[in-house]
Amino acid sequence: MTVALFTLGGTIAMAGTRSGGVVSRLTGADLTAAVPGLDGIPLDVRDVEAVPSAALAYRQILDLVDAAGAAVADGATGVVVTQGTDTLEETAFLADLVWPHPEPLVFTGAMRNPTLAGPDGPANLLAAARVAAAPAARDLGVLVAFNDEVHAARFVRKTHSTSTATFASPNAGPLGHVIEGTVRLLTRPPRHAPLPAVDRDRLAATRVALHTVTLDDDPALLDALTPGLDGLVVAGFGVGHVPPDFAPALGGLAARMPVVLASRTGAGSVLRDTYGAVGSETDLRRRGLVCGGLLDPYKARALLRMLLAGGADRALVEAAFARHG
């Protein structure tokens, strides 16, 4: 029973500097040495790249998934990834879209760096390693272990800028908990089949934007945003509404590229056929927008970009969002 540990930097790996502030300095060996109880789980530690999670790119995460898959093929029971929390909800979801293995791939990090009282990194790393080693965590896809909770990557969101309880799954709740060192899973949502592999160069060239609609928004902003785009995600009000003068502009864009409608609220689904005014979800669907369902705007963007990089046409995009959303 060996767990592969890939370290990507972030708050969990930060140390102080003479000039003040903290930077990513700690290696995987440093991290594991600071965790009481972790010595009971054999680890294969691999330092990848110590960068803030804001500096990560899709290619790096997909390369990491490939390396994690190779570790599983070599006999690893599961895999843990440590990284910064700023983009963890997106990187974990991206990994989940392509992770084909029954072995768990578990992301974790920290909100309090090691120079502060009560750093949460050691506890999160220990919990993640226990989840990665647990037979009960198999066949659940990519998971996030944080604050002794276990979340599915497809549901989890970062909900607070500083709280150690920042990660939550507003639409589903956690899948389980780590209690007295034991992984207790309370529910097992069915997995989606992984997306086909995409060419990394084509992925890098695929441009998908996200526009969040605001009160008294200006549709002319879309003109500046959309040249050269392959797809667009619109985070609308509530259940999927936009100002009335946005509707024709979005309909025109939907005739040229996939435009996905999501909700900016952070929880709940975009509706399909409840409201009928201009700019409502029914009107926008009639104009060709794709319903994002329960996917938040960030996950919708990741899914759309992967689909378009893989050559998906409109029918495949709609089918994928019906399945994932």
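Scroll up a little and you will see the structure.
Conventions used here
Along each chain, residue indices are assigned from 1 in the same order as the chain's sequence is written. It should be noted that, the model being predicted, local features are given only for residues of pLDDT at least 70 and side-chain atom pairs only at 80 or more, the latter also being counted only at that level, while totals for whole chains, interfaces and linings use all residues. In computing side-chain properties, one takes all heavy atoms of the structure into account and sets aside hydrogens as well as water. Here a helix means four or more residues in a row that DSSP labels H or I, a strand means two or more in a row labelled E, and each is numbered from the N terminus. The reference for a compact globule is 2.2 Å times residues^0.38; the radius of gyration itself is calculated from the C-alpha atoms. Note on exposure labels: buried denotes an accessible area under 20% of the residue type's maximum, exposed denotes more than 50%, and partly exposed covers the range between, all computed with a 1.4 Å probe on protein chains only. Note on contacts: a residue pair is in contact if any heavy atoms of the two residues lie within 4.5 Å. Only the protein chains shown count as cover for residues, with accessible areas throughout obtained via the Shrake-Rupley method and a probe of 1.4 Å. Patch rule: a residue counts if its relative accessible area is over 30% and it has no salt bridge; like charges are joined within 9 Å, and nonpolar side chains (Val, Leu, Ile, Met, Phe, Trp, Tyr) within 5 Å. Salt bridge, as used here: a side-chain nitrogen of Lys or Arg that lies within 4 Å of a carboxyl oxygen of Asp or Glu. Lys and Arg are tallied as positive, Asp and Glu as negative. Neither His nor the chain termini are counted. All charge positions are set by atom: Lys at NZ, Arg at CZ, Asp at CG, Glu at CD. What is meant by a nonpolar core is a set of buried Ala, Val, Leu, Ile, Met, Phe, Trp, Tyr and Cys residues, joined one to another through side-chain atoms within 4.5 Å. Definition of a polar contact: a pair of N or O atoms within 3.5 Å, with one able to donate and the other able to accept a hydrogen when the atoms are protein atoms, and with sequence-neighbouring residues admitted only if both atoms are side-chain atoms. A pair of strands is labelled paired if DSSP reports no fewer than 2 bridges between them. Under this scheme, a helix contributes an axis fitted over its contacting stretch, all axes are lines through C-alpha atoms, and angles between N-to-C directions fall in the 0 to 180 degree range. The reported arc concerns the directions from the helix axis to the C-beta atoms and nothing else. By convention, a stacked pair of Phe, Tyr or Trp rings (six-membered ring in the case of Trp) has centres within 6.5 Å and planes under 30 degrees apart, an edge-to-face pair has planes over 60 apart, and any other such pair is tilted. We call a charge positioned above a ring when the Lys NZ or Arg CZ atom is no farther than 6 Å from the ring centre and deviates by at most 35 degrees from the ring normal.

Draft legend 1. Region of the structure containing the overall build of the chain. Assigned secondary structure in the chain consists of 10 helices and 16 strands. Computed over C-alpha atoms, the radius of gyration of the chain comes to 20 Å, within 12% of the 20 Å expected from 2.2 N^0.38 for 325 residues, which places it in the range of a compact globule. Principal axes of the C-alpha set define a box for the chain whose edges measure 60 × 45 × 35 Å. Relative to its 325 residues, the chain shows a buried fraction of 50%. The contacts in the chain between residues at least 6 apart in sequence include a share of 70% that link residues at least 24 apart. Counting only carbon and sulfur atoms, one obtains 53% of the accessible surface of the chain, whose full area is about 13700 Å².

Draft legend 2. Representation of a negative patch on the surface within the structure. Taken together, D216, D218, D223 and D245 make up a surface patch of like negative charges. In this fold, D216 is placed in the loop between β13 (208–212) and α6 (220–225). A relative accessible area of 74% places D216 in the exposed class.

Draft legend 3. Here's a closer look at the nonpolar core. In this structure, L105, F107, M306 and F321 are the most contacted members of the largest nonpolar core, which totals 54 residues. The residues contacting F321, other than those within four sequence positions of it, are V260, V290, C291, G292, L295, A300, L303, L304 and L307. Counting residues in each nonpolar core, the second largest holds 29 residues, with L31, I41, A127 and A128 among its members.

Draft legend 4. Seen up close, unusual backbone geometry. The phi torsion at D148 lies on the positive side, around 60°, for a residue other than glycine. On the secondary structure map, D148 appears in the loop between β7 (142–146) and β8 (149–152). Taking the relative accessible area as the measure of exposure, D148 reaches 36% and is therefore partly exposed. The phi dihedral of E180 is positive, around 50°, even though this residue is not glycine.

Draft legend 5. How the structure looks around the side chain of Q83. Along the polypeptide, Q83 turns up in the loop between β5 (78–82) and α3 (88–98). Within the structure, Q83 has its side chain in polar contact with the side chain of T91 (distance 2.7 Å). Leaving out residues up to four positions away in the same chain, Q83 has contacts with L8, G9, G10, I12, S53, L56, L88, T91, F107, T108 and G109.

Draft legend 6. Main features of the sheet that holds strand β4 (residues 43–47). Spatial strand order, β4-β1-β5-β6-β7-β8-β11-β12: eight strands in an open sheet with mixed pairing. The strands lining the two open edges of the sheet, one partner per strand, are β4 and β12 (182–185). Shown here is a sheet whose adjacent strand axes are inclined to one another by a mean of 25°, direction ignored. Pairing geometry for β5 and strand β6 (residues 105–108), over four bridges, is parallel. Note that in β6 the partner of V80 across the bridge is V106. Of the strands in this sheet, β1 (3–7), β4, β5 and β6 are in contact with helix α2 (residues 58–73), which crosses β1 at around 160°.

Draft legend 7. Geometry of the sheet that holds strand β15 (residues 259–263). Sheet architecture is open: four strands sit in the order β13-β14-β15-β16, paired in parallel fashion. Bordering the open sheet on either side are β13 and β16 (290–291), each of which pairs with just one other strand. Pairing of β13 with strand β14 (residues 231–236), which is carried by five bridges, proceeds in the parallel orientation. Within the sheet, the bridge partner assigned to A209 lies in β14 and is L232.

Draft legend 8. Broad picture of helix α7 (residues 246–254). Among all positions in α7, only F246, A247, L250, G251, L253 and A254 are buried. Seen end-on, α7 carries its buried residues on one side only, within an arc spanning 160°.

Draft legend 9. Structural detail: the packing of aromatic side chains. Per the counting criterion, the structure on display carries one aromatic pair. With 4.8 Å between their ring centres and 55° between their planes, F146 and F167 make a pair best called tilted. Residue F146 is found in strand β7, and its partner F167 is found in strand β10 (residues 167–168); the two are separated by 21 residues along the sequence. Grouping residues by exposure puts F146 and F167 together as buried. For R305, the ring lying beneath its charged end belongs to Y58, and the centroid distance is 4.3 Å.

Draft legend 10. Just the environment of M1, in detail. Position of M1 among the secondary structure elements: in the segment before β1. Judged by relative accessible area, which is 54%, M1 ranks as exposed. Look past the residues within four positions of M1 in its chain and what remains in contact with it is G40, I41, P42, T77 and A133.

Draft legend 11. A look at the side chain of T7. Inspection of the secondary structure assignment puts T7 in strand β1. The exposure class assigned to T7 is buried, which follows from its relative accessible area of 6%. Polar side-chain contacts of T7 include one of 2.6 Å to the side chain of D47. Here T7 is in contact with G28, L31, R46, D47, V48, E49 and T82, once residues within four sequence places are set aside.

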